[in-house]
Amino acid sequence: MKVAEAVGRALYAAGVGQVFGVVGSGNFHLTNAMVAAGSRFVAARHEGGAATMADAYARVSGTVAALSVHQGPGLTNAMTGIAEAAKSRTPLLVLAAEVTEPRSNFYVDQEALARSVGAVTARITSAEEAVTQALDAVRRAVCERRTVLLNLPLGVQALDVPDVPDDSLALAVEPPERAPVEPEFDEVEALARVLEKSRRPVFVAGRGARSPGARDALAALAERHGALLAMSAVARGLFHGDPWSLDVSGGFASPLAAELIQEADLIVGWGCALNMWTMRHGRLIGPDATVVQVDDDASALGAHREVHLGVTGDVELTARRALETDDANRQAQQGEQAQQGEQAQQGEQARQGQQAQRVQQPRQGLRTADIGASIAARVRWRDVPYEDTSTRERIDPRTLSIALDDILPAERVIGVDSGNFMGYPSMYLSVPDENGLCFTQAFQSIGLGLATAIGAALARPDRLPVAALGDGGAMMGAAEFDTVRRLGLPMVVVVYNDAAYGAEVHHFGPDGHPLDTVEFPPTDIAAVARGFGFEAVTVRTQADLKAVENWLAGPRSAPLLIDAKVVADRGAWWLEEAFRGH
């Protein structure tokens, strides 16, 4: 058995069941070995698309995925998607063939490429150690939550694995699991004291809180202390349906959400970086607010802003330990009060009994009737009044997004590209839970949205996949329209088409700079999609969306693209916040 086959079989046995890629001579045998072992392979039309598909699949499925690429240009083509995955700490295994001879046309320093974007590297160095080294790479991807480049030199791939029976390489290897980090007792005690002291707490949950267990633990702790609940964009949907949810914190936050977060006397980030996006460069933090950060990676604590307390621990475990500590403290307090009551007069005993009863009840915090009514009425962006600027030729993106939110099924999974338009689908289209929005924006690259939606769709085949793109991103990623059609995905692709790179238009235009380099002639993207086998509709007014309703009611035998000609008279509300970081 050759090394390529042995490694492929071992990777499948280690739980790598989904592979994306573009196959060339260097990764041909490895990819086929994984397929033969049982992995599902999805052939993309470009390595960049394959990388993002793998990233999105891993995020939504909660499992490690693999990307298989040719040596040299196969890897360089994939680097933007790999950078996004690495910056997002996605458990992803990049399987790259490698030439080691500098005179080869295919030679590049693949290790240096990976390190430059934040990925870590490994290499298959011998036939004797090939399987062990491959399994170590999988363990590192999962247990350290890292994107790992596993280099497979061509010469080593072709070696025979010595003295190992064929069937021994197919032994079932238990997929590695990342052990949850138990928080220190003293840190939990400090967190419990801060929570007890607070009168207006707000919890902000991020990527590290994206699980049902973490959600339930945070909801219980928030109820105990009267905390409002918010999320970073990558965790949107985590508290879907909770009446005390403020939806997303940061640049995407609605006016009411921003107002209530600014009023907090305590902000606790749970698995959340509390970076410039989530905290609007710190402007969402009140001058007297205490800031706490909980993360299972100690190096993340205080990385983006000073915190008053950092707790190293798994989000769910830390929240549950805080509840347990709170219960113990309250029971001790009630015991002291009961002991004092035995020595006091009957009237004093009654008073202390009432006080003890009050201690057991949840605190009100910011959970007042007035605040609850305000959240119900206007925390969603679609409930914020606006002036509809639609014309006969172009539709307001807010009007478009609200209408689509009403038309599309609630059980959906959305992939969003980057650009001026991105806030509209991200915030106006509701999602059912934390797996409803796949937000590949850590690198802020245009062109990843369609591939994101493909990876998310394959991870959640029970939901309607929706790709929300700008015209720039749609044209960059257009090769993957073929992948959507070839896979038979019943996807809705929405293109917010303003015939420009809108972010640059609205950033530089007001200062009188020439915009010829960022504006384009009208493009019939609907016609482009039809060429790939899509059904397509051009939308200029809300009435044109009737075609979308007809598609939804039909067999959905081909994907649907909506070429929405949107008004371009203003920048999105979050755009000013975004450019503050440049």
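This is a predicted model, so every value here is computed, not measured.

What to know about the sheet that holds strand S7 (residues 201-205)
- Taking strand neighbours across the sheet as the criterion, the 6 strands line up as S9-S8-S7-S10-S11-S12 in an open arrangement whose pairing is parallel. Each end of this open sheet is capped by a strand with a single partner; those strands are strand S9 (245-248) and strand S12 (309-312). For this sheet, the mean inter-axis angle between neighbouring strands, taken without regard to orientation, is 15°.
- Note: S7 against strand S8 (residues 228-231), 4 bridges, orientation parallel. Within S8, the residue paired with Phe-203 across the bridge is Leu-229.
- In the packing of helix H8 (residues 185-197) onto the sheet, contacts are made with S7, strand S10 (266-270), strand S11 (290-295) and S12, and the angle to S12 comes to roughly 135°.
- Packed onto the sheet, helix H10 (residues 255-262) meets S7, S8, S9 and S10 and runs at close to 110° relative to S9.

Observations concerning the pattern of salt bridges
- In the structure shown here, the tally under the stated rule is 36 salt bridges.
- One salt bridge connects Glu-101 with Arg-103, and the closest N-O pair in it is separated by 3.1 Å.
- In this structure Glu-101 comes out as partly exposed when scored by relative accessible area, which is 36%.
- Its relative accessible area of 73% is what places Arg-103 among the exposed residues.
- Between Asp-383 and Arg-380 there is a salt bridge, with the nearest N and O atoms lying 2.9 Å from each other.
- On the basis of relative accessible area, Asp-383 is assigned to the partly exposed category, the value being 27%.

Topic: helix H9 (residues 212-225)
- The end-to-end C-alpha distance of H9 is 20 Å, a good match for the 20 Å that 14 residues give at a rise of 1.5 Å each.
- Residues Gly-213, Ala-214, Ala-217, Leu-218, Leu-221, Ala-222, Arg-224 and His-225 constitute the buried set of H9. On an axial view of H9, the arc spanned by its buried residues comes to 155°, and they lie on one face.
- With its phi angle positive at about 70°, Gly-226 sits one or two positions after the end of H9.

Considerations on the sheet that holds strand S1 (residues 18-21)
- Strands sit in the order S2-S1-S3-S4-S6-S5 across an open sheet of 6 strands; the sheet is parallel. Here the strands that pair on one side only, and so sit at the sheet edges, are strand S2 (40-43) and strand S5 (120-123). Each neighbouring strand pair of the sheet contributes to a mean axis angle of 25°, computed without reference to strand direction.
- Direction of pairing for strand S4 (residues 92-98) relative to strand S6 (residues 147-153): parallel, over a ladder of 7 bridges. Looking across to S6, one finds that Glu-98 is bridged to Pro-153.

Here we look at the confidence of the model for the protein chain
- Put simply, the protein chain has an average pLDDT of 92, and 92% of its residues get 70 or more.
- Below a pLDDT of 50 lies the segment residues 353-360, which in the model reaches 9 contacts outside its immediate sequence neighbourhood of four places, other chains included.

Details of the pairing of strand S15 (residues 464-470)
- With respect to burial, S15 is a largely interior element, 7 of its 7 residues being buried.
- One ladder, built from 5 bridges, connects strand S13 (residues 412-416) with S15; its direction is parallel. Note on S15: the bridge partner recorded for Ile-414 is Val-466.
- Relative to strand S16 (residues 492-497), S15 is paired through 5 bridges, and the arrangement is parallel. Along S16, the bridge assignment pairs Leu-469 with Val-495.

Thresholds, definitions, all that
- Residues numbered from 1 in each chain as written.
- Predicted model: local features only at pLDDT ≥ 70, side-chain atom pairs only at ≥ 80, totals over all residues.
- Heavy atoms only, no water.
- Pairing = 2+ DSSP bridges.
- Helix = DSSP H or I, 4+ residues; strand = E, 2+ residues; numbered from the N terminus.
- Axes fitted to C-alpha atoms, helices over the stretch in contact; angles between N-to-C directions.
- Contact = heavy atoms within 4.5 Å.
- Salt bridge = Lys/Arg side-chain N within 4 Å of Asp/Glu carboxyl O.
- Buried < 20%, exposed > 50% of the residue type's maximum accessible area, 1.4 Å probe, protein only.
- Expected span 1.5 Å × (residues − 1).
- Arc of directions from axis to C-beta.
- pLDDT = per-residue confidence, 0-100.

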